[in-house]
Structures are given as structure tokens and as C-alpha cells.
Amino acid sequence: MRYQAINQLLFIKNRERFREKLKKGGMAIFNSNDVMPTNADGIMAFRQNNDLFYLCGIDQEETVLVIFPDAKKEEHREILFVKETSEEIAIWEGEKLTKAAASNLSGIKTVYWLSELQAVLDTLVAEASCLYLNTNEHPRAKIEVETRDARFIKWMKTKYGIETFEKSAPIMHALRMIKNDTEIAIIQKACNITESGFRRILNFIRPGVMEYEIEAELAYEFIRQGSRGFAYTPIVASGANACVLHYIENHHVCMDGDVILLDVAAEYANYASDLTRSVPVNGRYTDRQKDVYNAVLRVMKQAIAMLVPGNNIKEYHKAVGALMEEELIKLGLLDAQAVKAQDPEKPLYKKYFMHGTSHHMGLDVHDVSTADAPFAPGMVFTCEPGIYIREENLGIRLENDLVITEKGPVDLMANIPIEIEEIENLMNR
């Protein structure tokens, strides 16, 4: 792994919190993600299952975690199964985790080789009164490829005749949406790496540069600082491309007079950051671009002030929509009388601001959460209003990452330039 080892206390405490949510006699099993193929004998870069990582910190394929608080034998109340290494594996892939190394990373005393899984489960399944198995319950998930967890559920049903099981996902969603100080520090590290990348490209962007060249500069800086790279597929969208919300081709030339929307951020130790900035290709905003930019920035600042304990996502987005209506009227994009007469279910501002303002962030850039949970200390949110004017080939979005605290939101990206004057000064040094 490229990142510095995380203190095992994070994972020990995470497992403690998870155990408290299990029913009496409940046993939970978590699988690592698959190693996914490309073509022929190629494979994609491995990315660990976030729930398993959250609970044990193991970043290796073919890993299984068992949590069984009421197991008869104390050594079976937490068990980690890892892939056994060999001389051949070490030659071709590098050495895998030893039992001692896996125990040291996770804080789990009992570590077996994965080949021993079935024999151990034969004993434990008979002891358990119910099984908790893991499924992807993210509302945005599009599951077309069968996951390792899904195959494991089928195997458990066939092998042990289990007809029903409990889902771990609701518990994990509730736990993961509240970050502790260690997690926030890791996210801050990802944000700091993102800041370095953004500052780097301010001196690189100019008319004639290709969008993918900017992507390459960011990737260099992120990887140079110990990140595996982007936390999500980067959006480097100049001119009209900025009005395509999920533009990821990044293959156009950046033209003089255009604004380039950069939705780009680093990951660190599997935790995401999420940044958006909109900067002028030639280093100077036009008056119109400034007006739209400052409108978005005003909405952003007021939205951030609403990220406080007790608020909720529905009321928050409603309030942000009202702020955006005011700004769009001032920009001449909406008519005040038409806004008053609009269908509340189909607000007119959606023509120019069609996405949400905030989402949870953590191990997933769109992190799991419990629907409609009130804002609470420890939650990490993005704040990302935008205005997209297709007829003007202009899209402006601004985004920072914030932690909700009892004393108000803490901006993890407070040091990243966002004011027009600062961006122009840095681009024209």
C-alpha cells in the first residue's frame, strides 16, 4: 500500500460499534471485492470492498471477515481469513500478508488462511441464530456484474440450506455516515493532496492545452504524494463540455475565452475527497463569467452555513433552490413573475441547476448513509452548487468538502483558492 499504515484502533472501534447493532447470536460475514478482468489475461487495479476495509483495514484481495460476538470460543468472535502466500505468488505478484501482518493491521487476533474458511464456517453456522450478509444497498448502484458477496450468499444458501438472512447494509450505512477524528484526518490528507494538484495546474492551463493534459498533470501530482490517483473519474470540461454533468472524455482543446470546469480530486487510504473549480482558460474571467461565478459562490457560502446539526437534506435542498432562484433572476435567466407562478414540483431553476447541492462523502465519494437522517456532528458533506447555461457554452460549479460539528461546518478545503481575484493572480504569476 502507498499510504501510511492506519492505527488499528480505528478498525477495532468500528467493529465494536458494529457488534453493538447485531441481534443476539448473530454472525456477520464480509467479503473482499473481486479482482476484475479487462481482456485476455489483463486485470483492473484492485479496489477493496469499503465495508470490509472499514471494519478491518485489510487492503488485499481474497479476504473474508467474520464477526460473531456470541461464538462459544472467544477466539472465534473475530476472525480474519486471508490468502495464503507462496514462493510462486511472491515471485509473480509480490508477497501477500502474513497472519501476523494481517493481525497487526486489523487488531484481530485470530487469522486463518482462506482455504480454512469452509471448515470453520461448518462449526460457526451451527452456533449462530442468524446470519448477517453484505449487499450493495446504495441507491445509485447499478449492479450488472455479480459481486463476490452475491456469489457468497448463493453458496451459503446451497451449502447450509439457509433461506433467510439479515442485511448488514443498514447497519453499515448508519455507522459509516458518522466519521471519527481518524477518518476526518485521512480525508483531510486527501483534500491536501487535491490542493497541491489544483495549484499545480493553475500554472499549466492556457489556450491550446488539451483537457487530458490537465488530467495528466493532476494524476502526476496525486500519485507523487502517495495517492493511488483520482477518487473518481475526473471531469476536465472546457467550454460547452462544462454543461454536460458527467463529461469524462477529456479530449477537447481548451479555447481562449472559455471557462474550464474541473471536478477532480484525490483519494488517500481509500478515502475520497471531492473538489470542483471553474477557471478561465486564458487566466482572466469575462464580466459575464464573473457574474455567473460570483452568483454560484454566493449560493455556496450560504449553503455551507446551513450544514449544521439538526437540519436535513430535504429542507436544505429546498432552501438552496430558493437561493438559486434569486441569483438566476438577477442574471436574467429566470423571470420573477414566472417563478412566482411556477409548479412547486417542477421549479424553473432546475433548467440551470439540475443536480443536488450536497452528498455524504467518505470511503465512497457518494458515501452511504441513512435516508433522511438529520445532519449530525461527524458527517462529511460536499457543497457543490452550479449554474449551466448551454446557450452560452458556460458551466460554473464550485465544490468543497465540509465536516459538520457542534460549532458549525469545518471546511476541509478552506486553503484551496476559490475567489476570482486569487485564481486570476495565481494563473498570471
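Everything that follows concerns the structure shown earlier in this document.
Everything numeric in this text was worked out from a predicted model, so none of it was measured.

Let's shift gears to the overall build of the protein. Helix and strand counts for the protein stand at 13 helices and 16 strands. Taken along the three principal axes of its C-alpha coordinates, the protein extends 70 × 50 × 40 Å. Burial statistics for the protein: of 429 residues in total, 52% are counted as buried. Each charge class in the protein was averaged separately, 49 positive and 63 negative side chains, and the resulting centres sit 3 Å apart.

A side chain with one charge may pair with a side chain of the opposite charge, provided their charged atoms come close. Inspection of every chain in the model, using the stated rule, returns 26 salt bridges. One salt bridge connects K24 with D70, and the closest N-O pair in it is separated by 3.5 Å. Remark: D70 occurs in the loop between β2 (64-67) and β3 (78-82) and K24 occurs in the loop between α1 (9-19) and β1 (26-31); sequence separation between them is 46 residues. K301 is the salt-bridge partner of E419, the closest N and O atoms lying 2.8 Å from each other. Of this pair, E419 sits in the loop between β16 (410-411) and α13 (420-427) while K301 is found in helix α10 (residues 287-305), placing the two residues 118 residues apart along the sequence. Judged by relative accessible area, E419 falls into the partly exposed class, the value being 29%. Residue K301 is classed as partly exposed on the basis of its relative accessible area of 46%. Salt bridges sharing partners connect three or more residues here, namely D51, R176, K179, D364 and D367.

Read across the open sheet, the 3 strands follow the order β7-β8-β11; overall the sheet is antiparallel. Where the open sheet ends on each side, the last strands, each with one partner, are β7 (235-238) and β11 (276-280). Neighbouring strand axes in the sheet, compared pairwise and without regard to direction, differ in orientation by 15° on average. Two elements, β7 and strand β8 (residues 259-263), share 4 bridges in a ladder whose sense is antiparallel. Bridge pairing in β8 places S238 opposite I260.

On inspection of all chains with the given rule, the structure shows 0 disulfides. Cysteine C191 is unpaired, with the sulfur of C383 as its nearest cysteine sulfur at 14 Å. Since its relative accessible area comes to 1%, C191 is described here as buried. Residue C383 is classed as buried on the basis of its relative accessible area of 0%.

Let us look at empty space enclosed by the protein. In total, this model carries 1 cavity of 30 Å³ or more according to the counting rule given. In this structure, the largest cavity spans a volume of roughly 30 Å³. M1, Y3, A5, I6, F11, F53, G57 and L105 together form the lining of the largest cavity.

Note on placement: S168 falls in the loop between β6 (166-167) and α7 (169-176). When neighbours within four sequence positions are excluded, S168 is seen to be in contact with F18, A28, F30, Y132, L133 and N134.

On to unusual backbone geometry, then. Positive phi is not limited to glycine here, since A269 has a value of about 55°. Relative to the helices and strands, A269 is located in the loop between β9 (267-268) and β10 (271-272). Backbone geometry places N270, a non-glycine residue, at a positive phi of 75°. With respect to the helices, strands and loops of the structure, N270 is situated in the loop between β9 and β10.

Counting across every chain of the model gives 11 aromatic pairs. Seen in terms of ring centroids, W155 and Y160 are 5.8 Å apart; in terms of plane orientation they differ by 90°. Their pairing is edge-to-face. By relative accessible area, which is 31% here, W155 ends up partly exposed. For the cation-ring pair, R206 lies above F204, with the distance from its terminal atom to the ring centre recorded as 5.2 Å.

A separate point is the packing of helix α8 (residues 181-202) against helix α9 (residues 211-224). Where α8 contacts α9, the two axes come as close as 9 Å, and the packing angle between them is 140°. Taken together, the axes of α8 and α9 are oblique relative to one another. In this structure, α8 crosses over α9, and the sense of that crossing is right-handed. Contacts between α8 and α9 involve I193, T194, S196, G197, F198, R200 and I201 from the former and I214, E217, L218, Y220, E221 and F222 from the latter. Its residues placed into classes, the contact of α8 with α9 shows 7 nonpolar, 3 polar and 3 charged.

Bringing the nonpolar core into the picture now. Within the largest apolar cluster, 110 residues are counted, with the highest numbers of intra-cluster contacts made by F18, I214, L262, V279 and I387. The contact partners of L262, leaving out residues within four places of it in the chain, are F198, I201, I205, I214, I235, V236, L275, T276, R277 and V279.

Here S358 shows up in the loop between α12 (336-340) and β12 (380-383). In this structure the side chain of S358 is engaged in a polar contact, spanning 2.7 Å, whose partner is the side chain of Y316. Here S358 is in contact with L307, I313, Y316, H317, F381, T382 and C383, once residues within four sequence places are set aside.

Along β12, one buried face is formed by V380 and T382 and the opposite face, lined by F381 and C383, is buried too. Inspection of the sheet shows β12 paired to strand β15 (residues 400-403) by 4 bridges, in the antiparallel sense. Across the sheet, the residue bridging to V380 is V403, located in β15.

The space that makes up the second largest pocket amounts to roughly 590 Å³. Contributing to the lining of the second largest pocket are 17 residues, with F46, D59, Q60, E61 and K96 lying nearest its centre. Considering only residue class, the lining of the second largest pocket consists of 7 nonpolar, 1 polar and 9 charged.

Rules of the game
Residues numbered from 1 in each chain as written. Predicted model: local features only at pLDDT ≥ 70, side-chain atom pairs only at ≥ 80, totals over all residues. Heavy atoms only, no water. Helix = DSSP H or I, 4+ residues; strand = E, 2+ residues; numbered from the N terminus. Buried < 20%, exposed > 50% of the residue type's maximum accessible area, 1.4 Å probe, protein only. Lys, Arg positive; Asp, Glu negative; His and termini not counted. Charge placed at Lys NZ, Arg CZ, Asp CG, Glu CD. Salt bridge = Lys/Arg side-chain N within 4 Å of Asp/Glu carboxyl O. Pairing = 2+ DSSP bridges. Axes fitted to C-alpha atoms, helices over the stretch in contact; angles between N-to-C directions. Disulfide = S-S within 2.5 Å. 1 Å grid on protein atoms, 1.4 Å probe; cavity = no way out; pocket = protein on both sides within 12 Å on 5 of 7 lines; lining within 4 Å. Points joined across faces, edges and corners; volume = space filled by probe spheres on them. Contact = heavy atoms within 4.5 Å. Phe/Tyr/Trp six-rings, centres within 6.5 Å; stacked < 30°, edge-to-face > 60°. Lys NZ or Arg CZ within 6 Å of the ring centre and 35° of its normal. Parallel < 35°, antiparallel > 145°, perpendicular 65-115°, else oblique. Left-handed = near helix turned anticlockwise from the far one by under 90°. Nonpolar A, V, L, I, M, F, W, Y, C, P; charged D, E, K, R; others polar. Core = buried A, V, L, I, M, F, W, Y, C linked by side-chain atoms within 4.5 Å. Polar contact = N/O pair within 3.5 Å; in protein donor to acceptor, adjacent residues only side chain to side chain.

Read these as spatial facts, not as claims about activity.
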